[in-house]
Amino acid sequence: MDKIVEAIVELTTQFVQGIEEIRYEDINPFLDQRERLLTQLKQGTWTPEVVNKNKEVLESIMPLNIIIMAKIKEFKQEAALQLGKMEQAKVQKQGYDVHYSSDAAYFDKRIGTKGI
């Protein structure tokens, strides 16, 4: 049980220490690994001594969760901005695209022939 708590604290601390260099691709593996550890922790047996011993340690990383959530929010806002730019470019491109039917035919009055 203590090793799982130590692993959670170490994983979270290392992630936050390098948060400025973190890319959005790094967040999902971190969250997956942390979720696995938390699942293991939930499946363990809890005695009052174990709870008291580890409660303070786990509470000590709670402020780090705020930092992690802020970074996730930053990535979310950045992605929304990029999607907005892509959508705007798509709308502008559509303004220049010619919208006509390729099945159209015309009749040339000068020569009396039908053109395609």
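This write-up is about the structure you can find in this document. (Residues numbered from 1 in each chain as written. Predicted model: local features only at pLDDT ≥ 70, side-chain atom pairs only at ≥ 80, totals over all residues. Heavy atoms only, no water.)

### Here we look at the overall build of the protein chain
(1) Moving on: Each helix and strand in the protein chain was counted, giving four helices and two strands.
(2) Moving on: Secondary structure elements in the protein chain, listed N-terminal to C-terminal, are α-α-α-α-β-β.
(3) Moving on: Counting across all 116 residues of the protein chain, residues that qualify as buried make up 22%.
(4) Moving on: A separation threshold of at least 6 residues defines the contact pool for the protein chain, and within that pool the share at least 24 residues apart is 71%.
(5) Moving on: Total accessible area computed for the protein chain in this model is approximately 9600 Å², and 57% of it derives from carbon and sulfur atoms. (Helix = DSSP H or I, 4+ residues; strand = E, 2+ residues; numbered from the N terminus. Buried < 20%, exposed > 50% of the residue type's maximum accessible area, 1.4 Å probe, protein only. Contact = heavy atoms within 4.5 Å. Areas by Shrake-Rupley, 256 points an atom, 1.4 Å probe, with all protein chains shown as cover.)

### Here's the deal with the side chain of threonine 12
(1) Moving on: For threonine 12, the position within the fold is in helix α1 (residues 2-17).
(2) Moving on: Of note is the side chain of threonine 12, whose polar atom sits 3.4 Å from the side chain of arginine 34. (Polar contact = N/O pair within 3.5 Å; in protein donor to acceptor, adjacent residues only side chain to side chain.)

### Observations regarding the packing of aromatic side chains
(1) Moving on: Applying the stated criterion across every chain, the model contains two aromatic pairs.
(2) Moving on: With 3.9 Å between their ring centres and 10 degrees between their planes, phenylalanine 15 and phenylalanine 30 make a pair best called stacked. Of this pair, phenylalanine 15 sits in helix α1 while phenylalanine 30 sits in helix α2 (residues 24-43), and the two are 15 residues apart along the sequence.
(3) Moving on: Judged by its relative accessible area of 8%, phenylalanine 15 falls in the buried class.
(4) Moving on: Phenylalanine 30 sits in the buried class, given a relative accessible area of 4%.
(5) Moving on: When the centroid spacing of 6.5 Å and the interplanar angle of 70 degrees are considered together, the rings of tyrosine 24 and phenylalanine 75 count as edge-to-face. (Phe/Tyr/Trp six-rings, centres within 6.5 Å; stacked < 30°, edge-to-face > 60°.)

### Some remarks on the packing of α2 against helix α4 (residues 62-96)
(1) Moving on: Interhelical geometry of α2 versus α4 gives an angle of 140 degrees and a closest axis separation of 11 Å. Judged by the inter-axis angle, α2 sits oblique to α4. The two elements α2 and α4 meet at a crossing, and its hand is left-handed. Contacts between α2 and α4 pair Tyr24, Ile27, Phe30, Leu31 and Arg34 from the former with Asn65, Ile68, Ile72 and Phe75 from the latter.
(2) Moving on: Here the residues of the contact of α2 with α4 are counted per class, giving seven nonpolar, one polar and one charged. (Axes fitted to C-alpha atoms, helices over the stretch in contact; angles between N-to-C directions. Parallel < 35°, antiparallel > 145°, perpendicular 65-115°, else oblique. Left-handed = near helix turned anticlockwise from the far one by under 90°. Nonpolar A, V, L, I, M, F, W, Y, C, P; charged D, E, K, R; others polar.)

### Observations regarding the nonpolar core
(1) Moving on: Ile8, Phe15, Ile22 and Leu41 are the most contacted members of the largest nonpolar core, which totals 18 residues.
(2) Moving on: Every element with two or more residues in this core is listed here: α1, α2 and α4.
(3) Moving on: Broken down by element, the residue count for this core peaks at seven residues, all from α1. (Core = buried A, V, L, I, M, F, W, Y, C linked by side-chain atoms within 4.5 Å.)

### Focus on the pattern of salt bridges
(1) Moving on: Overall, the coordinates contain four salt bridges when judged by the stated rule.
(2) Moving on: Close ionic contact of aspartate 26 with arginine 23 constitutes a salt bridge, the shortest N to O distance being 3.3 Å.
(3) Moving on: Via salt bridges that share partners, Arg23, Glu25 and Asp26 belong to a single interconnected network. (Salt bridge = Lys/Arg side-chain N within 4 Å of Asp/Glu carboxyl O.)

### Let's talk about α1
(1) Moving on: If you check α1, its first and last C-alpha atoms are 22 Å apart, about what 16 residues at 1.5 Å a residue would give, namely 22 Å.
(2) Moving on: Looking at the buried residues of α1, the elements they touch are α2, α3 (48-60) and α4. (Expected span 1.5 Å × (residues − 1).)

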